[in-house]
Amino acid sequence: MKIKFLLTALFAILNLLPTLLYGQSENRELINFDNGWKFSTGDFSDAMEADFDDNAWSLLDLPHDWSIEGKVDRNAPTGGSGGYLPAGTGWYRKHFTLRKSDLRKDHIIMFDGVYMNSDVWLNGEHLGNYPFGYNSFWYSLDDHLIAGENVIAVKVDNSNQPASRWYSGSGIYRHVWLISTDPVHVKPWGIYITTPEISEGSASVIVETRVENHSGSPRKMSVISKVLASDGSNRGHAESALQVLDGWDQKVTQTIYVAEPLLWSPDTPYMYSLVTQVTVNGKIVDEVHTPFGIRSMVYDPDKGFILNGKSVKMNGVCLHHDGGCIGAAVPEDVWERRLKLLKEMGCNAIRTAHNPVAPEFLDLCDKLGFLVMDEIFDEWKIGKVRYGYNMYFDKWAEKDVISFIHRDRNHPSVVMWSAGNEIREQPVEGGEKLLRQLLDIFHKEDPTRPVTVGCDNIAADDHPARIEFLEMLDIIGYNYVDRWHERRELFYSIDKHAHPGWKMVGTESVSNGGVRGSYSLGKDAEKAVPNYNTRMIRAEQLWKFVSMNSYVIGDFMWTGIDYLGEALWPTKNASSGVIDLCGFPKDGYYFYQSLWTVEPMLHIFPHWNWEGREGLVMPVLAYTNCDAVELFVNGRSYGEKRLEFPRQGNSGSWNRYDLPQKNATTADLHLSWDVPYEPGSIKAVGKRNGAIVCTETIETTGAPFAIKLTADKGLLYAGKKGVAHIAVEVVDDKGRVVPTADNMISYTVTGSGKLLGLDNGNPSDHEPYNSGQRKVFNGMGIALIQAGENMGSVKLTASSGGLKDVTIEVIVR
């Protein structure tokens, strides 16, 4: 008992320590407002009224996407762009209670994202309409709050279709927050942090804080800003006095010097915290914590991107916002798993294609170390789809850009803005005037970051981008730089010669995607016509150029992960990613890993189950960062192949080299052998300087024998809505994944949790995501389970005809 008491006391002291050291405001409350919403699809003429009867509606927690709960339908109005899933209109209502004393505070409601055309009411009073489906937005509640029960009603209208070129989802698909503050407080998104001067010994941190006063009279106050290290130590502070009139806001600018700063970078993503306190008569009335990083960056027309004084090539991917089987309402755990996979691939940069992302996505990029091209629009005034953003551009674009910048500009991961993707104003006379208007907003609200646009009409035969448009950009963004004529081989060099002062980045480029595990040798019994031995060539040639020319800032390939929509029936999703919708790496994943990482790695493909094709000569390929690989088929060597990139030139004198010669057998960035198929095994042995550093073996498997379940984590936390990914594999009697298996699996969940979604990566599988059953695809599938509110455990049981049931348990604390 004594030990328990001491531990309890220690825990309490540790919790109080930040308050004892730095003070704390009791007035600011950030309340997660996700739980306990009523929901119904359809339109209602009076659902905004406080006394509307919503007892028959569903009770659910946010984030919520109702489109993903529907069926894939070839005739859906969203079409292939929306993954053939439903849209429509939906309503949300939340009842909450306030005390009379709460009304002395200011209150806002913050929506991180609602798709789309949302209207919000409080107690029957209309707060506003917001059409953009991806930005965060907020409303003041103070004019209509009452003591007792209050009702927030939200109408979401996604009925006009098509409204997007990709799957958008429908509903309040991101978090909602109730923020209550003292009438004197920091304005929402009112803190702006920059680090303009950095040396080895010191960094200047410039803090702009905007404080507003709703107290009813002028107020004198102080703004105290403290920079805290990750261990909580105070690394510098500043204090400023000011007076703010009632109903006004005022900006104060402070400089804090941090000694011996730890710099943020993809390799060392060190984060500080800025604590902002507003005091009136010595009492803290507001306190805000803002994570930030200290880093310097320069974009040079010859040297590319320079971070903290060092050249860094952006090894990038483009990402859409959906999470596959869970649609647009993506839990943070899902993004964390995906981003860690990309990090292991060697990726260090992400383009948010083609819209603002959830705030927690950028938090993860800060934490894990990604460079982000933060993009806002897919169209301006000239639309691409019938009900796209062009309908709202004139009225909303300036407001949306300002909100977008203010929300995201303190993230060290954000190193570049993108004002749009494949904008149709590129070739139009006067398009540069619209670009100028947007650039002026970006440069005013954040002069520290350059702005680009993903341009797909550079050098196009039909409607080429106007030079006036391109030269206005801070950085020229190329979508598919190798698309036209001799640029397939010359890439950026033509424009570098013609415009030596241009700064250039590959905003979107061909990738090495495809459908995971789907290999074909063709139908000819005498000759193999494979579908897997050429798709990497274009990406290889591009990467050779990008990596060897320092003026190219980097490249963002399309895409890092498969995404819903932008599909043709019978497929429902695009398969351009190197990771599928389950989060399983494809062969292309290992292609980029071989280029972007140094730890020895080796990947061979295809699978070795080709019954009926015995004796057929077929290619076996390898991706590796080793300099030599030897291939064995059933123990017999088919020779050693070698690669070297970049190749060495002479050093010191003729025919002398710094490193031993590799004697490469190919100029490609992959290795290939042609071998006759025979059941058994293929084994690849990777070598560096003659020493074996890694191996990989693929075997012919037996028939499906069992289901294997593997969780990415064994512990979830009650109430935090954590997600565990359960990999589902159909294996043979030796535990090997059967690469051709397509067994239907049924799932049941018991305990403290729920089944969030099922997927298999098959773009042509139309089984509803919430049906509780799904086939494995090429031997594999995924089940997502989410923790409930109670402690205990959650169990997932998988069943399939002819296979033994299997159960996996995840602890919930």
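Residues numbered from 1 in each chain as written. Predicted model: local features only at pLDDT ≥ 70, side-chain atom pairs only at ≥ 80, totals over all residues. Heavy atoms only, no water.

### Quick notes on the overall build of the protein chain
- Of the regular secondary structure elements, the protein chain holds 10 helices and 46 strands.
- In terms of overall dimensions, the protein chain has a C-alpha envelope of 90 × 70 × 70 Å along the principal axes.
- Classification of the 813 residues of the protein chain by burial places 57% in the buried group.
- Residue pairs in contact within the protein chain that sit at least 24 positions apart in sequence constitute 72% of those at least 6 positions apart.
- In the form shown here, the protein chain has an accessible surface area of approximately 33,800 Å², with 51% of it arising from carbon and sulfur atoms.
- Charged side chains in the protein chain number 81 positive and 103 negative. The centres of these two groups are separated by 3 Å. (Helix = DSSP H or I, 4+ residues; strand = E, 2+ residues; numbered from the N terminus. Buried < 20%, exposed > 50% of the residue type's maximum accessible area, 1.4 Å probe, protein only. Contact = heavy atoms within 4.5 Å. Areas by Shrake-Rupley, 256 points an atom, 1.4 Å probe, with all protein chains shown as cover. Lys, Arg positive; Asp, Glu negative; His and termini not counted. Charge placed at Lys NZ, Arg CZ, Asp CG, Glu CD.)

### As for the packing of helix 9 (residues 537–548) against helix 10 (residues 587–596)
- Axis separation between helix 9 and helix 10 bottoms out at 12 Å; the angle between their running directions is 20 degrees. For the element pair helix 9 / helix 10, the angle class is roughly parallel. Once helix 9 is placed against helix 10, the crossing between them reads as right-handed. For the pair helix 9 and helix 10, the contacting residues are Ala 539, Glu 540 and Trp 543 in the first and Phe 591, Tyr 592, Leu 595 and Trp 596 in the second. (Axes fitted to C-alpha atoms, helices over the stretch in contact; angles between N-to-C directions. Parallel < 35°, antiparallel > 145°, perpendicular 65-115°, else oblique. Left-handed = near helix turned anticlockwise from the far one by under 90°.)

### A word on the pairing of strand 12 (residues 202–213)
- Strand 12 sits mainly inside the fold: nine of its 12 residues count as buried.
- In this structure, strand 11 (residues 184–198) lies alongside strand 12, joined through nine bridges in antiparallel fashion. Residue pairing in the sheet places Glu 197 in a bridge with Ser 204 of strand 12.
- The hairpin turn running from strand 11 into strand 12, its antiparallel successor, is three residues long.
- Bridging between strand 12 and strand 15 (residues 249–259) involves 11 bridges; their strand directions are antiparallel. Within the sheet, the bridge partner assigned to Arg 210 lies in strand 15 and is Lys 251. (Pairing = 2+ DSSP bridges.)

### Remarks on helix 2 (residues 332–345)
- Helix length check: helix 2, at 14 residues, gives a terminal C-alpha distance of 20 Å against a target of 20 Å (1.5 Å per residue), a fit within 8%.
- The element helix 2 is extensively covered by neighbouring structure, given that 10 of its 14 residues are classed as buried. (Expected span 1.5 Å × (residues − 1).)

### Comments concerning the confidence of the model for the protein chain
- Residues at a pLDDT of 70 or more form 97% of the protein chain, whose mean pLDDT is 95.
- Per-residue pLDDT stays below 50 along residues 1–24; that stretch engages in 15 contacts with residues further than four places along the chain or on separate chains. (pLDDT = per-residue confidence, 0-100.)

### Notes on the sheet that holds strand 10 (residues 176–181)
- The sheet built from four strands is open, its strands ordered 1-10-5-8 with antiparallel pairing. Looking at which strands have only one partner, the edges of the open sheet turn out to be strand 1 (29–32) and strand 8 (137–140). Each strand axis lies, on average, 20 degrees off the axis of its neighbour in the sheet, ignoring direction.
- As defined by bridge partners, strand 5 (residues 106–111) adjoins strand 8 across four bridges and the pair is classed as antiparallel. Counted as the bridge partner of Phe 111 is Phe 137 from strand 8.

### Focus: helix 3 (residues 359–368)
- Of all 10 residues making up helix 3, eight are buried, and the element is well covered by its neighbours.
- Summarising the contacts, the buried residues of helix 3 are in contact with strand 21 (314–319), helix 2, strand 22 (349–352), strand 23 (371–375), helix 4 (393–408) and strand 24 (414–421).

### Digging into unusual backbone geometry
- Here the amide bond leading from Leu 62 into Pro 63 is cis, since omega sits at -5 degrees, within 30 degrees of zero.
- Here Pro 63 lies in the loop between strand 3 (58–60) and strand 4 (88–98).
- Here the bond from Gln 161 into Pro 162 is cis, since omega is 0 degrees, no more than 30 degrees from zero.

### Regarding the sheet that holds strand 15
- Overall, antiparallel pairing links the three strands, which are arranged 11-12-15 in an open sheet. Across the chains shown, the open sheet's two edge strands, defined by having one partner strand only, are strand 11 and strand 15. If you compare each strand with its neighbour and ignore which way they point, the axes differ by 20 degrees on average.

### Some words on the side chain of Gln 593
- Topologically, Gln 593 is positioned in helix 10.
- Assessed through its relative accessible area of 13%, Gln 593 is described here as buried.

### Observations concerning the pairing of strand 5
- Counting buried positions along strand 5 yields six of six residues, so the element is predominantly enclosed.
- Here strand 5 shows two buried faces, one formed by Asp 106, Ile 108 and Met 110 and the other by His 107, Ile 109 and Phe 111.
- Sheet topology note: the strand 5/strand 10 ladder contains six bridges and is antiparallel. Residue pairing across strands places Asp 106 opposite Thr 181, the latter belonging to strand 10.

### Description of the pattern of salt bridges
- Under the defined criterion, the tally for this structure stands at 37 salt bridges.
- Between Lys 384 and Asp 378 there is a salt bridge; the shortest N-O distance is 3.1 Å.
- Between Asp 495 and Arg 487 there is a salt bridge; the shortest N-O distance is 3.0 Å.
- Given the relative accessible area of 7%, Asp 495 is considered buried.
- What makes Arg 487 buried here is its relative accessible area of 9%.
- Salt bridges here are not isolated pairs; linked through shared partners, they connect Arg 165, Asp 378, Lys 384 and Glu 566. (Salt bridge = Lys/Arg side-chain N within 4 Å of Asp/Glu carboxyl O.)

### Brief notes about the environment of Trp 380
- Assignment of secondary structure puts Trp 380 in the loop between strand 23 and helix 4.
- Its relative accessible area of 0% is what places Trp 380 among the buried residues.
- Separated by 3.0 Å, the side chain of Trp 380 and the backbone oxygen of Ala 419 make a polar contact. (Polar contact = N/O pair within 3.5 Å; in protein donor to acceptor, adjacent residues only side chain to side chain.)

### Some thoughts on the packing of aromatic side chains
- For the structure shown, the criterion picks out 43 aromatic pairs.
- Look at Phe 44 and Trp 57: their rings are 5.2 Å apart centre to centre, the planes differ by 45 degrees, and that puts the pair in the tilted class. With a gap of 13 residues between them, Phe 44 in the loop between strand 2 (37–41) and strand 3 and Trp 57 in the loop between strand 2 and strand 3 connect regions that are remote in the sequence.
- Note on Phe 44: relative accessible area 26%, which makes it partly exposed.
- In this structure an aromatic cluster arises from ring pairing among Tyr 519, Tyr 532, Trp 543, Phe 591, Tyr 592, Trp 596, Phe 605 and Tyr 623.
- Lying over the aromatic face of Tyr 551, Lys 496 brings its terminal NZ or CZ to 5.0 Å of the ring centre.
- Cation over ring: Lys 720 sits above Tyr 717, and NZ or CZ is 5.8 Å from the ring centre. (Phe/Tyr/Trp six-rings, centres within 6.5 Å; stacked < 30°, edge-to-face > 60°. Lys NZ or Arg CZ within 6 Å of the ring centre and 35° of its normal.)

### Regarding a negative patch on the surface
- Together, Asp 46, Glu 49, Asp 51 and Glu 125 line one region of the surface with negative charge.
- Residue placement: Asp 51 occurs in the loop between strand 2 and strand 3. (Patch = residues over 30% accessible without salt bridge, like charges linked within 9 Å, V, L, I, M, F, W, Y side chains within 5 Å.)

### A word on the packing of helix 2 against helix 3
- Two elements in contact, helix 2 and helix 3, have axes whose closest approach is 10 Å; the angle formed by their N-to-C orientations is 35 degrees. Judged by the sense of rotation from one axis to the other, the crossing of helix 2 with helix 3 is right-handed. In contact with Glu 332, Trp 335, Glu 336, Leu 339, Lys 340 and Lys 343 of helix 2, helix 3 contributes Glu 360, Phe 361, Leu 364, Cys 365, Lys 367 and Leu 368.

### A look at the side chain of Arg 449
- Position of Arg 449 among the secondary structure elements: in the loop between helix 5 (431–445) and strand 25 (451–455).
- A distance of 3.0 Å separates a polar atom in the side chain of Arg 449 from the backbone oxygen of His 411.
- Looking at Arg 449, its side chain comes within polar contact range of the side chain of Asp 446, at 2.9 Å.
- The contacts of Arg 449, once residues within four sequence positions are left out, are Arg 295, Met 297, Arg 409, His 411, Val 414, Val 415, Met 416 and Trp 417.

### With respect to the environment of Ser 240
- Here Ser 240 is to be found in strand 14 (residues 234–244).
- Along the primary structure Ser 240 and Ala 691 are separated by 451 residues, whereas in three dimensions their C-alpha atoms are 64 Å apart.
- Leaving out residues up to four positions away in the same chain, Ser 240 has contacts with Met 221, Ser 222, Val 223, Val 252 and Gln 254.
- A polar contact is formed between the side chain of Ser 240 and the side chain of Gln 254, at a distance of 3.1 Å.

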